[in-house]
Amino acid sequence: MSTNYINNSRRKFFTTLSLAATASLLNPPSLFASNSKITKKALVPTTLLRLPTDSNCEIVAIGKNKVEVKFPYGKGYLKPGRNIFRDEDDLINYLLEAFLMEKDEKGGMRGTVRCVSAYERINESGKSIFTFEDPILDLITDEDGNLTISGTRINAKDIVLANERESFSLNKAQVSTASIDAKLSNLVSKASFSATQSIPSQIFFPSSSAIPRIRFKAYIDVAGSVWRAGANIKTKKLDFVSASITGHYALDPITCFEVKTDFDSDTTDNFLNEFEFGVNSTPASGVRSECRALWNGINFRETVAKGCFA
């Protein structure tokens, strides 16, 4: 397992950006010497990580700013935690109980997560409720998907569902393998917005209504000062033998240049999620993810994307 994570050197973080873009994104050091009330855990990562809610997942640090959240196969569950926070610092301190993060160029915080094995989000009565399919938004929103920061209420569920409705989804069984692979190859070679908007953000095999099925999905969601971007592979009724995701992330919406690549894999499972997240930091402007899976006796290799990417 490897990752080229954004490190504390802001110059290295932006080496793939143009000089003009870099100059516009770098901030003076004074931003890092703020009156932040973020606890020292933000600067001194710990391996004693746990979700501050009722859940049976295990969380392990697998990098300086990256964790693995693993649920027991077929039995995973998570209950919503706090959803009202005084400000962004209060929210960050809450998340630091389970996730590793570092400051970014804006003085906010960001981190990386690998989540394996599907889980159920349940309420206090044990009833299944809406899940964002990531342990961060599932943790910090109420049953209806609401998050409140500094008195401002945000319905993250509405934001995520609206983004999904606007996404380009594809049922692979409806298009010949040769034609779609050639189309995607051509699109990926092009730059800027039009290319990434033409690459599907979701691909289903053989279709979204079939059982069994497998799905590759890329996403970017911004809910107030909280954001996430990444991709996941999810199956229904038939597990994958192996799966992997190589995520390419862009930060600057003008250049759309890649600033980070992250890789994650899993075997004999039903869910793999690889994503970046942040609070009060610069959101990813685009993600292009190369997804692979050995499923139902077939090796699948497809690209899904969301947002701006060169």
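Residues numbered from 1 in each chain as written. Predicted model: local features only at pLDDT ≥ 70, side-chain atom pairs only at ≥ 80, totals over all residues. Heavy atoms only, no water.

**Digging into the confidence of the model for the protein chain**
Here is the rule we go by: The predictor attaches a confidence to each residue, called pLDDT, with possible values from 0 through 100. Two residues qualify as a contact provided that any one of their heavy atoms is within 4.5 Å of a heavy atom in the partner residue.
Of all residues in the protein chain, 77% attain a pLDDT of 70 or more, and the chain-wide mean is 83. Residue range residues 1-36 is modelled with pLDDT below 50. Its contacts to residues more than four positions away, or to other chains, number 65 contacts. Low pLDDT, under 50, characterises residues 176-196; the stretch is placed with 29 contacts to residues that sit more than four places away or in other chains.

**A few points about the sheet that holds strand S9 (residues 152-155)**
Applicable threshold: Strands are treated as partners if at least two bridges between them are detected by DSSP. The helix and strand labels rest on DSSP assignments: H or I over at least four residues marks a helix, E over at least two residues marks a strand, and numbering proceeds from the N terminus.
Taken in spatial order, the 3 strands make up an open sheet running S4-S8-S9, and their pairing is mixed. The open sheet has two edge strands, strand S4 (84-85) and S9, and neither has a second partner. One ladder, built from 4 bridges, connects strand S8 (residues 146-149) with S9; its direction is antiparallel. Counterpart to Ile149 in the pairing with S9 is Thr152.

**Some thoughts on the state of the cysteines**
Selection criterion: A pair of cysteine sulfur atoms is labelled a disulfide when the two atoms are within 2.5 Å. The classification of residues rests on relative accessible area computed with a 1.4 Å probe and restricted to protein chains. Under 20% of the type maximum is buried, over 50% is exposed, and intermediate values are partly exposed.
What the rule picks out here adds up to 1 disulfide. Disulfide pairing places Cys256 opposite Cys308 at an S-S distance of 1.5 Å. One disulfide, between Cys256 and Cys308, carries an S-S torsion of -90 degrees and so falls in the left-handed class. Of the two residues, Cys256 is situated in the loop between strand S14 (240-250) and strand S15 (258-269) and Cys308 in the segment after strand S18 (298-307); the sequence distance between them amounts to 52 residues. Like Cys256, the residue Cys308 is buried in the burial classification. No disulfide involves Cys57; its sulfur sits 7.8 Å from that of Cys115, the nearest cysteine.

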